[in-house]
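# Breakdown of the fold
Chain by chain, the residues run as shown.
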Amino acid sequence: MELGGSAARLGCAVAMCGLLLAGCTSGGDGPGRPAAGTTGGGATGTGPSPTAVVDADPARLPRTRAQAATLIRGIMPEPSAFGPGTVRREPYESDPRRWAVLGDSCVWEQRALPEDVLASLTRHYEIPARDGRGPLRLTAVVTAHRSAEQADWESAGVLEEMMRCPSQLLRPGEVLRGLTDVPNALGDSGNGFADDVLAESGTYTGDDVGGPHPYVWEQTRIGRFTLAVSARGAKGWAKRDLLDLLREPHATMRAGLRGAIARRTPAASAPPSAVAPHGPETTGTTAPTMEGGRR
């Protein structure tokens, strides 16, 4: 694996051990993230290029939080993307002005967006229990940063979270355990579609579904955007089932993003609209601490 982007930061995190990714930065607002208004690469100014997988048009990239929220809502999958019978789970859509943060006590909570994040949106889905299988919980998340380097630091932060908290409390009665993460840069292990890829797996236990059951989470970075999907298992669901369910929605999200930000050419067909949302603009008014977030 090339020591670039997230992979390089993972090596730094391992070497620094107790300091984790904080030892790779020159200070900041939290583990693995640079302070607001700074870049994670330090004084050299080096970092990931805007993106190597799409010819992004600067004029089509969001500059304001409102523009970012509209764009990411437009590429979020509908429940049907995960297969027949998938339904919305309430609250269906989070507030794009907030995102999930893993606290010092390894508990997920919702906080206001930091300065380097323009918008972050989570949607929650469920395949109801049937045919001897328990209910399967699914999520999709898209986050728009102000720069590709800041998005890269988000990915690095995921690696820090896994090492710091191999067990995590999503919300009361829902726990992830035994988490492991595998990063791949562009060109590694068949990754020809994203600047960086992270795959996380472990087990999920819930008061209403028992456990442990399989849990998987996948995130890709394309320039200044991160796109993620996850599945929390239940009775009758194997890890392979979860991976198969997530593959198509994740690919559709990436295609939607490329269509929304790519430079237009005369021969190209019109990309998916980055203005018209695919679903209702709900803002997740339910108490945010009850619905985890990125996971």
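Here goes a summary of the coordinates provided. (Residues numbered from 1 in each chain as written. Predicted model: local features only at pLDDT ≥ 70, side-chain atom pairs only at ≥ 80, totals over all residues. Heavy atoms only, no water.)

To continue, consider the nonpolar core. Membership of the largest hydrophobic core comes to 58 residues, with the highest contact counts inside it found for L138, L257 and I261. Broken down by element, the residue count for this core peaks at eight residues, all from helix α4 (residues 239–261). (Core = buried A, V, L, I, M, F, W, Y, C linked by side-chain atoms within 4.5 Å. Buried < 20%, exposed > 50% of the residue type's maximum accessible area, 1.4 Å probe, protein only. Helix = DSSP H or I, 4+ residues; strand = E, 2+ residues; numbered from the N terminus.)

Attention now moves to the pattern of salt bridges. Summed over the entire model, instances satisfying the criterion amount to 19 salt bridges. In this structure, the salt-bridge partner of R123 is E78, at a minimum N-O distance of 3.6 Å. With R123 in strand β4 (residues 117–127) and E78 in the loop between α2 (65–75) and β1 (87–93), this pair connects stretches of sequence that are 45 residues apart. One salt bridge in this structure joins R240 and D244, with 3.7 Å as the shortest N-O distance. In this pair, R240 and D244 are both assigned in helix α4, four residues apart and thus about one turn of the helix distant. Each member of the salt-bridge network shares a partner with another, and the members are R73, E78, E93 and R123. (Salt bridge = Lys/Arg side-chain N within 4 Å of Asp/Glu carboxyl O.)

Quick look at the environment of L118 now. For L118, the location among the structural elements is in strand β4. A residue is classified by how much of its surface remains accessible, and L118, at 2% relative accessible area, is buried. Linking L118 and A69, residues 49 residues apart in sequence, is a C-alpha distance of 7.6 Å. Setting aside residues up to four positions removed in sequence, L118 forms contacts with P62, R63, T64, R65, A68, L113, A144, H145 and R146. (Contact = heavy atoms within 4.5 Å.)

Turning to unusual backbone geometry, a few remarks are in order. The omega torsion across E90 and P91 is -10 degrees, close enough to zero to call that bond cis. One can find P91 in strand β1. Residue G211 is joined to P212 through a cis peptide bond whose omega torsion reads 10 degrees. Topologically, P212 is positioned in strand β9 (residues 210–222). Backbone geometry at C106 places phi at a positive 65 degrees, although glycine is not the residue there. Mapped onto the elements, C106 comes out in the loop between β2 (98–102) and β3 (108–112). Despite not being glycine, D131 shows a phi value in the positive range, around 55 degrees.

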